Amino acid sequence: MLDFLANFGETLLTTLRDVTPIVVILVLFQVGVLRRKLPNIRGIATGSVMVLLGLALFLIGLEQALFPIGETMARQLTEKAGAAGLADAVQWQDYWVVYLFAGAIGFATTIAEPALIAVALKAREVSGGAVNAWGLRLAVAVGVAIGVALGCFRIVTGTALPWYIVAAYVGVIVLTYLSRRTIIPLAYDSGGVTTSTVTVPVVAALGLGLAANVPGRSPLIDGFGLIAFASVFPIISVLGYAIVADRVDRWRTRNERQEAKP
């Protein structure tokens, strides 16, 4: 208990140091530039305290739970295949369960991502219901699942990261030209919100743990890069989802018109 309190106190002080510049900038602009008093000072103070406590507890949770879980799962999943790889060259197909787990964990963490939920709800609100919030979340989660699984494949095979990223962004450019203008900004933002509080810690820990346990791989060189996959592939999945939805709507409208003809 004493160790936890000491760790919590140290993390709280670190969080306070990190958050203080943001608070100072906001107060200076409110008072010095806008020349207006801070509204609801009591509410702001209470909310600030909650933010500090929540961030401190969240950081402790990352350190004691999410990071160890990701690394432990990666180690356990690669034990059998890694043992075989020590005797012979690493075979990418031996790690199929790792790809399956990576896709599942990428999908699950993205569905639970608070930033994605907020963006999806705002998109539905602004579009007047034209954008389906649940459909958008599913499309983004599928993109992250594919990206993280492919990123784990890259770690196992040891291939160069730039080739994957360049090819993915070429696909993004092509799909951008094929998509409606109204969906493009939302698709690009969807790639950004996946790199947030829930997804990043688990995915980063998975990549580092996998690279540390695959023979011939370096955590520093091969362990990082999964977040890049988790950022670009949701853009592809959302743009693809929008293109398919448009084609289905056009096909349905054309059929309804043909049926309405005498």
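The coordinates are above.
Not measured: the values here are computed from a predicted model.

### Digging into the overall build of the protein
Moving on, step 1. A count of helices and strands for the protein gives 10 helices and zero strands.
Moving on, step 2. Reading the helices (α) and strands (β) of the protein from amino to carboxyl end gives α-α-α-α-α-α-α-α-α-α.
Moving on, step 3. Within the protein, buried positions represent 35% of all 262 residues.
Moving on, step 4. Counted over contacts in the protein with a minimum sequence separation of 6, partners at least 24 positions apart contribute 79%.
Moving on, step 5. By element, 69% of the accessible surface of the protein is carried by carbon and sulfur atoms, the whole surface being about 15,500 Å².

### Some points on the packing of helix H3 (residues 96–111) against helix H8 (residues 199–213)
Moving on, step 1. Interaxial distance between H3 and H8 falls to 9 Å at its minimum, and their mutual angle equals 165°. For the element pair H3 / H8, the angle class is roughly antiparallel. The chirality of how H3 crosses H8 is left-handed. Contacts from Val 98, Phe 101, Ala 102, Ile 105, Thr 109 and Thr 110 in H3 reach Thr 199, Val 202, Leu 206 and Leu 210 in H8.
Moving on, step 2. Of the residues belonging to the contact of H3 with H8, the class tally is seven nonpolar, three polar and no charged.

### Side note on the nonpolar core
Moving on, step 1. Ranked by size, the top nonpolar core spans 42 residues in total, and within it Leu 136, Val 148, Cys 152, Ile 183, Leu 210, Val 238 and Leu 239 carry the most contacts.
Moving on, step 2. Elements that contribute at least two residues to this core include exactly H3, helix H4 (114–126), helix H5 (133–157), helix H6 (161–178), helix H7 (184–193), H8 and helix H10 (226–260).
Moving on, step 3. It is H10 that contributes the most residues to this core, 10 residues altogether.
Moving on, step 4. The residues touching Leu 136, leaving out its near neighbours within four places in the chain, are Ala 120, Ala 123, Val 131, Leu 186, Ser 190 and Val 238.

### Things to note about the pattern of salt bridges
Moving on, step 1. The tally for this structure, following the rule as stated, stands at three salt bridges.
Moving on, step 2. Between Asp 18 and Arg 17 there is a salt bridge; the shortest N-O distance is 3.7 Å.
Moving on, step 3. Look at Asp 18 and you get partly exposed, because its relative accessible area is 46%.
Moving on, step 4. Close ionic contact of Arg 180 with Asp 246 constitutes a salt bridge, the shortest N to O distance being 2.7 Å. Of the two residues, Arg 180 sits in the loop between H6 and H7 while Asp 246 sits in helix H10, which places them 66 residues apart along the sequence.

### Brief notes about H8
The periodicity of an α-helix, 3.6 residues per turn, causes residues three or four places apart in sequence to face the same way.
Moving on, step 1. Here H8 is 15 residues long and its end C-alpha atoms lie 21 Å apart, about the 21 Å a rise of 1.5 Å per residue gives.
Moving on, step 2. The set of residues buried in H8 consists of Thr 199, Pro 201, Val 202, Val 203, Ala 205, Leu 206, Gly 207, Gly 209, Leu 210 and Ala 211.

### Considerations on the packing of aromatic side chains
Moving on, step 1. What the rule picks out here adds up to three aromatic pairs.
Moving on, step 2. Ring plane angle 65° and centroid distance 6.0 Å describe the contact between Tyr 99 and Phe 153, whose orientation is recorded as edge-to-face. Taken together, the positions of Tyr 99 in helix H3 and Phe 153 in helix H5 put the pair 54 residues apart, joining distant regions of the chain.
Moving on, step 3. The exposure class assigned to Tyr 99 is buried, which follows from its relative accessible area of 14%.
Moving on, step 4. Arranged with centres 6.2 Å apart and planes meeting at 10°, the rings of Phe 229 and Phe 233 form a pair that is stacked. Taken together, the positions of Phe 229 and Phe 233, both in helix H10 and four residues apart, correspond to about one turn of that helix.
Moving on, step 5. Classification of Phe 229 as buried rests on a relative accessible area of 0%.
Moving on, step 6. Given the relative accessible area of 14%, Phe 233 is considered buried.
Moving on, step 7. Three or more aromatic residues joined by ring pairs make a cluster, and in this case those are Tyr 164, Phe 229 and Phe 233.

About the cut-offs
- Residues numbered from 1 in each chain as written.
- Predicted model: local features only at pLDDT ≥ 70, side-chain atom pairs only at ≥ 80, totals over all residues.
- Heavy atoms only, no water.
- Helix = DSSP H or I, 4+ residues; strand = E, 2+ residues; numbered from the N terminus.
- Buried < 20%, exposed > 50% of the residue type's maximum accessible area, 1.4 Å probe, protein only.
- Contact = heavy atoms within 4.5 Å.
- Areas by Shrake-Rupley, 256 points an atom, 1.4 Å probe, with all protein chains shown as cover.
- Axes fitted to C-alpha atoms, helices over the stretch in contact; angles between N-to-C directions.
- Parallel < 35°, antiparallel > 145°, perpendicular 65-115°, else oblique.
- Left-handed = near helix turned anticlockwise from the far one by under 90°.
- Nonpolar A, V, L, I, M, F, W, Y, C, P; charged D, E, K, R; others polar.
- Core = buried A, V, L, I, M, F, W, Y, C linked by side-chain atoms within 4.5 Å.
- Salt bridge = Lys/Arg side-chain N within 4 Å of Asp/Glu carboxyl O.
- Expected span 1.5 Å × (residues − 1).
- Phe/Tyr/Trp six-rings, centres within 6.5 Å; stacked < 30°, edge-to-face > 60°.

Taken by themselves, the reported measurements are silent on function.
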